[in-house]
Amino acid sequence: MLLRSMAVSCLAMLPLAALDAPADASEREQRFFRQIEGKWRGPGEIVAGKYKGTKFTCEFSGLTPNNKLGMTLDGGCRVGLFSQKMKATVKRKGRGYTGSFLDGARGEGLDVIAGTVTSDRAVLTLKRNQLDGAMLARLASKDQLNITVSVTVGEALVPVIGMKLDRIDSVAVGSVR
């Protein structure tokens, strides 16, 4: 509950311009999603806003859906004695991506309304009512995933949440044909 409130509060600050989605699914998008499969753990911090300086630790399982282009990060985060289940899902729909963070904008979370994916990163547009934001998930290496959630302040994109996750399993990432 505390982490959910912090995430939504941080994103509630401001709007972000929509990001363009690529025209067709490609091998590089599939490669990114395959590399997310497995177990991830690491620290994070709120870097701006009301809860600035709050540190937490998260653990996620990265999954890819059968016969669809996309991914799910499912797990939770912990701040001191408090823990919160976290789940983000994104799937290819038409020319872009859709999905949800937590239970989506109809609940207490956010909707994924657009995005772009390359072989080493996904940039997703997040929305909840008048609140807009973006999430960047970047593979710094095959065993390190960095996630940044940002909002727009005026004309600038400002990071508010950062996580540095390390692979904690021995899943072999599939090679691209």
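The structure this text deals with has already been given above.
Model, not experiment: these values are computed from the prediction.

Each value, and the rule that gives it
Residues numbered from 1 in each chain as written. Predicted model: local features only at pLDDT ≥ 70, side-chain atom pairs only at ≥ 80, totals over all residues. Heavy atoms only, no water. Buried < 20%, exposed > 50% of the residue type's maximum accessible area, 1.4 Å probe, protein only. Helix = DSSP H or I, 4+ residues; strand = E, 2+ residues; numbered from the N terminus. Arc of directions from axis to C-beta. Disulfide = S-S within 2.5 Å. Phe/Tyr/Trp six-rings, centres within 6.5 Å; stacked < 30°, edge-to-face > 60°.

Asks: Sorry, what's going on with helix α2 (residues 27–36) here?
Replies: Given 3.6 residues per turn, any residue in an α-helix points the same way as the ones three and four places further on. E29, F32, F33, Q35 and I36 are the residues of α2 that are buried. Each buried residue of α2 lies within a common arc of 160° when the element is viewed along its axis, so the set occupies one face. Following α2 by one or two positions, G38 has its phi on the positive side, about 125°.

Asks: Looking at this structure, I do not really get the state of the cysteines. What am I missing?
Replies: Cysteine pairs can be linked by a disulfide, which is a covalent bond between their two sulfur atoms. As enumerated under the stated definition, the model contains 1 disulfide in all. Across the disulfide from C58 sits C77; the S-S distance is 1.9 Å. The sign of the S-S torsion, about 105°, decides the handedness of the disulfide formed by C58 and C77: right-handed. Placement of the pair is C58 in strand β2 (residues 55–63) and C77 in strand β3 (residues 70–79), with a sequence separation of 19 residues.

Asks: Just checking my understanding: could you explain the packing of aromatic side chains for this structure?
Replies: Within a pair of aromatic rings, the relevant descriptors are the distance that separates the centres and the angle that separates the planes. Applying the stated criterion across every chain yields a total of 2 aromatic pairs. When the ring of F32 is compared with that of F33, the centres are 5.6 Å apart and the planes differ by 70°; the resulting orientation is edge-to-face. For F33, a relative accessible area of 2% gives the class buried. An aromatic cluster of three or more residues is present, and its members are F32, F33 and Y97.

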